[in-house]
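The primary structure of each chain is shown beneath.
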Amino acid sequence: MAPAAASGGSSLPSGFSVFTTFPDLLFILEFVFGGLVWILVASSRVPMPLVQGWVMFVSVSCFVATTALLVLYMIGAHGGESSWITLDAAYHCTAAMFYLSASVLEALATIEMHEGYIYKYYHENISAVVFSYVATLLYVVHMAFSLIRWKSS
């Protein structure tokens, strides 16, 4: 299978075809799992404010940017220009790196809060770590297929 066929073509979809092409279908899952990370970190106790501040910044920023890109793709704002393919690849590379750093830091904050915190907050942070790594995986997969689409454009 050619790389262009594996990534759903060498152009960005518009309209509801965003929900039918593979790498762009991941926007929905990134939106859901990124939102879960945001909600869980916001509702838990904060043992390390600077670390969890970075996690909140990454999750909120990626949530907003993913939502904005999804809406822009749906309304066809890209107009088929190749610069949007470059933007898509660059965004997903940046988001994958940011989410990986946020996931590692959230895991560190969760390990540090094992002693002396209420068990409920510890479980919330464990859930945030799991969903953060799932979001990281989604962004990495989307990044790989965006880079394939970028290379074939």
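K.L.:
When you look at the packing of aromatic side chains in this model, what are you seeing that I'm missing?
P.N.:
Aromatic rings considered in pairs are described by the distance between their centres and by the relative angle of their planes. If you walk through the whole model with that rule in mind, you get 10 aromatic pairs. Here the aromatic rings of F33 and F131 are separated by 5.7 Å at their centres, their planes lie at 40°, and the arrangement is tilted. Of this pair, F33 sits in helix α2 (residues 22-43) while F131 sits in helix α5 (residues 119-152), and the two are 98 residues apart along the sequence. The partly exposed category is assigned to F131, whose relative accessible area is 25%. Each ring, one from W54 and one from F98, has its centre 5.2 Å from the other, and the planes form 70°; the classification is edge-to-face. Linking W54 in helix α3 (residues 49-74) with F98 in helix α4 (residues 82-112), this pair joins segments that are 44 residues apart in sequence. Overall, F98 belongs to the partly exposed group, its relative accessible area being 32%. Pairwise contacts between aromatic rings join F27, Y73 and W84 into one cluster.

K.L.:
Before we go on, may I ask you to explain the confidence of the model for the protein chain in this structure?
P.N.:
Note: predicted coordinates in regions of low pLDDT should not be interpreted at a detailed level. Scored by pLDDT, the protein chain has a mean of 84; 92% of the residues are at 70 or more. Per-residue pLDDT stays below 50 along residues 1-8; that stretch engages in 11 contacts with residues further than four places along the chain or on separate chains.

K.L.:
Sorry if this is basic, but what is going on with a nonpolar patch on the surface here?
P.N.:
Together, L25, I28, F31 and V32 give the surface a local cluster of nonpolar side chains, amounting to about 280 Å² of exposed area. Checked against the element boundaries, V32 lands in helix α2.

K.L.:
Help me out: how do you make sense of the packing of α4 against α5 in this one?
P.N.:
Each pair of packed helices can be described by the angle between their axes along with the distance between the axes. Two numbers describe how α4 lies on α5: the axes approach to 8 Å, and their chain directions differ by 160°. Between α4 and α5, the crossing angle belongs to the class labelled roughly antiparallel. Judged by the twist between their axes, the crossing of α4 over α5 is left-handed. Tallied by class, residues from the contact of α4 with α5 come to 22 nonpolar, 9 polar and 3 charged.

K.L.:
Looking at this model, I keep getting lost on the pattern of salt bridges. Mind explaining?
P.N.:
If the charged atoms of two oppositely charged side chains come close together, the side chains can form a pair. Counted under the stated rule, the structure contains 1 salt bridge. A salt bridge links R149 to D88, with the nearest nitrogen and oxygen atoms 3.1 Å apart. Within this pair, whereas R149 is found in helix α5, its partner D88 is found in helix α4, the two being separated by 61 residues in sequence. A single burial state applies to R149 and to D88, both of which are buried.

K.L.:
I tried to follow the side chain of T110 on my own but got confused; where do I start?
P.N.:
Take T110: it is sitting in helix α4. Among the polar contacts listed, one links the side chain of T110 to the backbone oxygen of E106, at a separation of 2.8 Å. Beyond its immediate stretch of four places on either side in the chain, T110 contacts Y122, N125, I126 and V129.

Reading the values: rules and limits
Residues numbered from 1 in each chain as written. Predicted model: local features only at pLDDT ≥ 70, side-chain atom pairs only at ≥ 80, totals over all residues. Heavy atoms only, no water. Phe/Tyr/Trp six-rings, centres within 6.5 Å; stacked < 30°, edge-to-face > 60°. Helix = DSSP H or I, 4+ residues; strand = E, 2+ residues; numbered from the N terminus. Buried < 20%, exposed > 50% of the residue type's maximum accessible area, 1.4 Å probe, protein only. pLDDT = per-residue confidence, 0-100. Contact = heavy atoms within 4.5 Å. Patch = residues over 30% accessible without salt bridge, like charges linked within 9 Å, V, L, I, M, F, W, Y side chains within 5 Å. Areas by Shrake-Rupley, 256 points an atom, 1.4 Å probe, with all protein chains shown as cover. Salt bridge = Lys/Arg side-chain N within 4 Å of Asp/Glu carboxyl O. Axes fitted to C-alpha atoms, helices over the stretch in contact; angles between N-to-C directions. Parallel < 35°, antiparallel > 145°, perpendicular 65-115°, else oblique. Left-handed = near helix turned anticlockwise from the far one by under 90°. Nonpolar A, V, L, I, M, F, W, Y, C, P; charged D, E, K, R; others polar. Polar contact = N/O pair within 3.5 Å; in protein donor to acceptor, adjacent residues only side chain to side chain.

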